[in-house]
Amino acid sequence: MQTFAIGRAGGTTVIAIEGDVTRQPVEAVVNSANEILQHNESVATAIVRTGGRVIQEESDTWVLDNGPLQPGVAAVTTGGMLQASHVVHVVGPHYRKDEDQSDLLASSTQAALAAAAEHGLKSVALPAIATGQKKYPIAEAAPVIVGAVVDWLRENPDTLTEVRLVGFSRQHAHLLASAVSDQLGT
């Protein structure tokens, strides 16, 4: 794990790092999920593989009780065997070259932070939502995600202590770090 940028927004430490989101020492891990919370893609698969089947079982129950997860809404389950005690599931937009999906991406990012805060969780690890199976280009997603995080933290000061923006590759981490530096002047 390598740290590429550190800044502060609304009293919260914001860190951009390269690493495995499932292995972060935080209270909540964000999952870029599909609408029916079937964890068989990208980050979701890693979360269930590391955290255990209980995450999928709780997700199935959430969908039975609430219906499909919509963009801008978050579902919360326990973290099973993850270091994190909770997983916050959000649906990012499917990338369409001819449509601006940045509002949906920002909404999903902020829904994750709000859900963590509502559950009294103080530290969050956030992957680059929608950049895997939903094919949102990381170069376009990184500034939107970081901007949404910074805006939310400034509107909700001292709610969270740390937000880790976790890039699974060096390229993702560098782009997230660049966005942190641009937004926070680090």
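The coordinates are above.
Throughout what follows, the structure given in this document is the object of discussion.

Bringing the nonpolar core into the picture now. Counting residues in each nonpolar core, the largest one holds 42 residues, and the members touching the most others are V88 and L165. The element best represented in this core is helix 4 (residues 138-155), accounting for 11 residues. Listed in part, the 13 residues of the second largest apolar core include V21, I55, A84 and A125.

Let us look at the environment of H89. Tracing the chain through its elements places H89 in strand 5 (residues 86-91). H89 sits 30 residues away from S59 along the chain, and the two C-alpha atoms are 8.8 Å apart. Here H89 is in contact with N31, A33, L37, H39, I55, S59, L69, V73, A74, A75 and T77, once residues within four sequence places are set aside. A polar contact of 3.0 Å, which involves the side chain of H89, links it to the side chain of N31. Side chain to side chain, H89 and T77 meet in a polar contact 3.0 Å long.

Okay, the sheet that holds strand 5 next. Spatial ordering of the open sheet is given by 1-2-7-6-3-5-4, a layout of 7 strands whose pairing is mixed. The open sheet is flanked by strand 1 (2-9) and strand 4 (74-78), the only strands paired with a single partner. Each adjacent strand pair in this sheet contributes to an overall mean axis angle of 25 degrees, direction not counted. Where strand 2 (residues 12-18) and strand 7 (residues 162-167) come together, 6 bridges link them in parallel fashion. Residue pairing for strand 7: T13 is matched across the bridge by E162. Relative to the sheet, helix 1 (residues 42-51) contacts strand 3 (28-33), strand 5 and strand 6 (123-127), its axis offset from that of strand 3 by approximately 135 degrees. Taken strand by strand, helix 4 contacts strand 1, strand 2, strand 6 and strand 7, and its axis lies near 175 degrees from that of strand 7.

What counts, and where the lines are drawn
Every chain is numbered on its own, with residues counted from 1 as its sequence reads. Where local features are concerned, this predicted model is filtered to residues with pLDDT of at least 70; where side-chain atom pairs are given and counted, the filter is 80 or more; whole-chain, interface and lining totals use all residues. Side-chain numbers here rest on the full set of heavy atoms in the structure, without hydrogens or water. Nonpolar cores are built from buried Ala, Val, Leu, Ile, Met, Phe, Trp, Tyr and Cys residues. Side-chain atoms within 4.5 Å join them into one set. Throughout, exposure labels follow a simple rule: accessible area from a 1.4 Å probe, protein chains only, divided by the maximum for the residue type, with under 20% read as buried, over 50% as exposed, and the rest as partly exposed. Comment: elements are numbered from the N terminus, with helices defined as DSSP H or I runs of at least four residues and strands as E runs of at least two. Any pair of residues with heavy atoms lying within 4.5 Å of one another is described as a contacting pair. Polar contacts here mean pairs of N or O atoms no more than 3.5 Å apart (in protein, one a potential hydrogen donor and the other a potential acceptor; neighbouring residues in sequence count only if both atoms are side-chain atoms). When DSSP finds two or more bridges between two strands, those strands count as paired. A fitted line through C-alpha atoms serves as each axis, taken over the contacting stretch for helices, and the angle formed by two N-to-C directions is quoted from 0 to 180°.

Note that every value here comes from positions in space, so none of it alone points to a role or purpose.
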